[in-house]
Amino acid sequence: MENRFSVSLARVRTGLLYRVLFSYDFMLTFFGSMPALVNAHRRVNLLVVGYRIRATSQKSLPFKCCNTADSGLLVGRWIPGHNSAVVLAVIHYPFIPGQVKKYLSELQSQTQVDLTVLGSWSMPKEGQEGMDSFLKDLSTIFPQKCWLQLSREIGKRGFTCQVVQNNGRLLQDREQKNGEGDKIILIHYDQRKVMLSQLHPVQDVGQKSDVEASELRLVFQTVAQSQPLFFLDKYDDGPLKLSHWQSEGREASIIAELLKQASVPVCIFLTWLLSLWYWFCSFRILHLPPVLFISSKLSTCVQSVYRAVHFRTVFSPKKAGTHVEFMRKANIFVSFLVDIALGLLLISWLYRENRISKLADTLVPVADRVAKELQELLEWLMGAPAGLKMNRALDQVLGRFFLYHIHLWISYIHLMSPFIERILWYVGLSACLGLTFALSVLSDIVALLTFHIYCFYVYGARLYCLTIYGLSSLWRLFRGKKWNVLRQRVDSCSYDLDQLFIGTLLFTILLFLLPTTALYYLVFTLLRLVVVLFQGVIHLSVDFINSFPLFAIGLRICRPYRLAEGVKFNVLCQEPGTPLHLMMEINPLKCSSVLQCYRTPTYSCYPKDSWAGLCKKLFVGELIYPWKQKTDKTD
Amino acid sequence: MRGCFLLLTPLVISMAEEEFTDINGNSISLDCQTHSDFCREFTVTSPKLSLRKVMVYTCFVWLFAYAVFFFTENTAVLSSAIILTLAGMMIHIHFVKVDHETLLIIGSLGVQLSSSYASGRESTIFIEMNKLKDIVINEAVYMHSIIYYLCILIKDPADPETVTSVVPLFQSSNPRLNCLVQVYRSCQEILAQSR
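Source: prediction; values computed, not measured. (Residues numbered from 1 in each chain as written. Chains lettered and ligands numbered in written order. Predicted model: local features only at pLDDT ≥ 70, side-chain atom pairs only at ≥ 80, totals over all residues. Heavy atoms only, no water.)

This paragraph deals with the pattern of salt bridges. Applying the stated criterion to the full structure yields 9 salt bridges over all chains. Put simply, A:Asp114 and A:Arg77 hold a salt bridge, and the shortest N to O gap is 2.9 Å. Of the two residues, A:Asp114 is situated in the loop between helix H3 (97-111) and strand E5 (116-122) and A:Arg77 in strand E3 (residues 72-79); the sequence distance between them amounts to 37 residues. Here A:Asp114 falls in the partly exposed class, since its relative accessible area comes to 38%. You can call A:Arg77 buried: its relative accessible area is 8%. With a shortest N-O distance of 2.9 Å, B:Asp99 and B:Lys48 are connected by a salt bridge. Placement of B:Asp99 in strand E4 (residues 98-106) and of B:Lys48 in the loop between strand E3 (39-45) and helix H1 (51-72) is noted, with a sequence separation of 51 residues between them. (Salt bridge = Lys/Arg side-chain N within 4 Å of Asp/Glu carboxyl O. Helix = DSSP H or I, 4+ residues; strand = E, 2+ residues; numbered from the N terminus. Buried < 20%, exposed > 50% of the residue type's maximum accessible area, 1.4 Å probe, protein only.)

Have a look at this one:
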């Protein structure tokens, strides 16, 4: 039967409750029907990890459980402020007390966890009677405030715990019947899972003092920081023989070790490539205002800058210090890989059967078609659109103005048409940098092809804005009021007669021209909004690919114990007279919390105006930039 | 021939199980388990999913789908109705229907609340003792009725006097006051010990 070493966390509180945590495998002896399932799972788990560095045959994989482990000393840590103790390992006889102390002080300096000898564990085998008195004498060698004595008799399920204080007074008697006095709770946990797990919300190690931190957090921190303790296994020829979850042989994967060794030169090489790129970008010619302006508008450039920053984070040769940094690096790396894979998939689809040339061939006719539709639209506006009667002269002026623009645009497209296929072929290759790149390029192509719609929108909006502005000002004049710029309010004002006359005249003219300008503005704003909507969808999907924490979600699904929200307790069956035994399991983080916690921050911000603000801007005629991108400088 | 009637009277030994109802009148059951002096577990079991309701609902949806099929002659309507019913049922038993709710109180360690759904899924929260201020019964006025509910007052360990949040218990089973009082008394015994 495969067991695992158990280590315990003991909590001692004078006069109240004691708790001891033991490892998972204790359950195997409790529930006889479970071990097959549990063993199978564990075995599969172990083999999947990789090769074992020490070759042990498959049959002999016994991990000794605490209840079958030999008698020895309990090593662990007292949790400050909570009267608890975490037992991390058992040191077996024979040992030399001096060497034990030396080993513990070495580990203390290495891990910054104050490990001490907590007490003794006795599981007497046949022919080993008389250990009890020997175990009691041990407390004199390792002076402690409280000394734990855990013992288990063969054939019984529960174990008993006694706590002896410094002055020799026994704090709890095993045979105490009345139930008063100190009570003990023993909690079992899976050492490996707690060691690898991270409790959320994540706090830095030195942020809160130990006394304020919650007990659970301290437990998790203690086990996680005591990793060097678990490096000593039974094959090491040291003076001490330890039992813990890894003492049957340290597990490692050869593939993981090779990757770790290989990653350092690869990181250095990639960092050097990145420095080349930065040197190229620092050329003076690229910092001229027009170039800067264009590159801030093209989403491809923005995306490439963003990805370069990511590159720098991921491929820096420095190892990630905290959990948050590690998760950030891993998320960026995985999303980058997925991005490239999707991009290559796209390329293989596009370039098969010459689809890209077909695409290029349809591009010019589509642009032509759009221009033709716009022309028809303008002809319709110049007539009597929707039965409305337009001001003839203004209508003709605006209509001809816009028609001329379209004519220019069509000739420009026709000029470019022989080169379109080549350009598109090479631009399509840029999808190998990632799907996000391809989508950004698509968004830029759409922006360039609908540039005339953007121009029309700007003209229409400006004209409409001027009309509205003039109208509001002249309306105030009509009522005898005026806008006070200094006081930012409307004041009454006495106008001269000629001012009033001309003002009223202009007001009338503008008012009757309003429907025409308003209609042109409405039509072009709608067209612009359609284009903006399409670009917005592309940006949203790019944003999603950039920020989705794939690694964190994968970790949550495959190794849910790594991201812990809290713990769960189950009460284990017990015999009367023994302390309470609880089983502690890790409660994994909810998927929505994982997404919220580990989202990679992106550059684009969502619409800065609410719907009401947007409508107001549209009504007044202000130009809207709904997808304004965040710059590095804070606004 | 004389028949022999063998009457087997089942001897029901219920460990603290009495007849309780929830606020809507459905019968629920409360189970108290005492694991130790300072560790108690209370389980409130809601009434199970009623087969009649499920059948009525399914028949209604399928009859409606048949009626639509009769007019449109499109088999996609039928298959979509089947898929919709199945999906709806699975979502209901996995996310909506709560089978039983458990409150495990361990003196000086904390309180664990667990909801177990009809599909077997369990969602658990554990609240440490240093964050727990008190367990109280509150009353809420909802429309025309007054509802009593048991809740846990949470405090920040750094500021023990302020209540930062309130966690209501047994939200899906909604037991009435008599059931709540029993749970409340047991919890207060344990909390008094650990203070």
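Attention now moves to the pairing of strand E11 (residues 481-484) of chain A. Residues in a regular strand point their side chains to alternate faces of the sheet. Residue and element names in this part refer to chain A. Relative to strand E12 (residues 489-492), E11 runs antiparallel, the two being bridged by 4 bridges. Along E12, the bridge assignment pairs Lys 481 with Ser 492. Between the end of E11 and the start of E12, which pair antiparallel, lie 4 residues, with Gln 488 showing a positive phi angle near 55°. (Pairing = 2+ DSSP bridges.)

This part is about the UniProt feature "transmembrane region" (unreviewed entry) in chain A. All names here are of chain A. According to UniProt, the positions carrying the feature "transmembrane region" (unreviewed entry) are residues 16-38, 262-280, 330-351, 397-416, 423-450, 456-478, 499-523 and 529-553. In residues 423-450, helix accounts for 79% and strand for 0%; the two terminal C-alpha atoms are 18 Å from one another. Between the C-alpha atoms that bound residues 529-553 there is a distance of 35 Å. The span itself is 92% helix and 0% strand. (UniProt positions renumbered as here; feature names shortened; annotations may be inferred.)

A word on the interface of chain B and chain A. Contacts between the two partners involve 16 residues from chain B and, on the opposite side, 21 residues from chain A. For the pairing of chain B and chain A, the buried interface totals around 1,600 Å² over both sides, and the portion due to carbon and sulfur atoms is 60%. Of all residues in chain B, the largest losses of buried area upon contact with chain A belong to B:Phe38, B:Ser108 and B:Leu109, amounting jointly to 31% of the total for that side. Linking chain B to chain A there are 0 salt bridges. At the boundary of chain B and chain A, one finds 4 residue pairs in polar contact (both at pLDDT 80 or more). Taken together, the elements giving at least two residues each to the side of chain B that touches chain A come down to strand E2 (27-36), E4 and strand E6 (122-128) of chain B. Looking at which element gives the most residues to the side of chain B that touches chain A, the answer is E6(B), with 3 residues. Here the side of chain B that touches chain A is built from residues that sort into 6 nonpolar, 8 polar and 2 charged. (Contact = heavy atoms within 4.5 Å. Buried area = accessible area lost by both parts, 1.4 Å probe. Polar contact = N/O pair within 3.5 Å; in protein donor to acceptor, adjacent residues only side chain to side chain. Nonpolar A, V, L, I, M, F, W, Y, C, P; charged D, E, K, R; others polar.)

Turning to the sheet that holds strand E8 (residues 145-156) of chain B, a few remarks are in order. All names here are of chain B. If you walk across this open sheet you meet the 3 strands as E7-E8-E9, and the pairing is antiparallel. Bordering the open sheet on either side are strand E7 (132-142) and strand E9 (159-168), each of which pairs with just one other strand. Neighbouring strand axes in the sheet, compared pairwise and without regard to direction, differ in orientation by 35° on average. (Axes fitted to C-alpha atoms, helices over the stretch in contact; angles between N-to-C directions.)

Position of B:Ser46 relative to the elements: it lies in the loop between E3 and H1. Once residues within four sequence positions are removed from consideration, B:Ser46 is found in contact with B:Ile28, B:Lys97, B:Val98, B:Asp99 and B:Ser173.

The subject of this paragraph is the sheet that holds E2(B). Residue and element names in this part refer to chain B. As summarised here, the arrangement of the 6 strands in space is E1-E2-E3-E4-E5-E6, forming an open sheet in which the pairing is antiparallel. The strands lining the two open edges of the sheet, one partner per strand, are strand E1 (19-21) and E6. Strand after strand, the sheet turns through a mean of 20° between neighbouring axes, direction not considered. Across 7 bridges, E3 lies against E4 in antiparallel orientation. Within E4, the position partnered with Arg 40 by the bridge is Ile 105.

Next up on the list: the confidence of the model for chain A. Residues and elements named next belong to chain A. Confidence in the prediction of chain A, expressed as mean pLDDT, is 76, and 79% of residues score 70 or more. Across chain A, the element-wise mean pLDDT spans from 25 in helix H2 (residues 35-49) up to 93 in helix H16 (residues 550-558). Of the regions scoring below 50 in pLDDT, residues 1-65 engages in 206 contacts with residues more than four places distant in sequence or in other chains. This model gives residues 172-181 a pLDDT under 50, and the stretch forms 13 contacts once residues within four places in sequence are excluded. (pLDDT = per-residue confidence, 0-100.)

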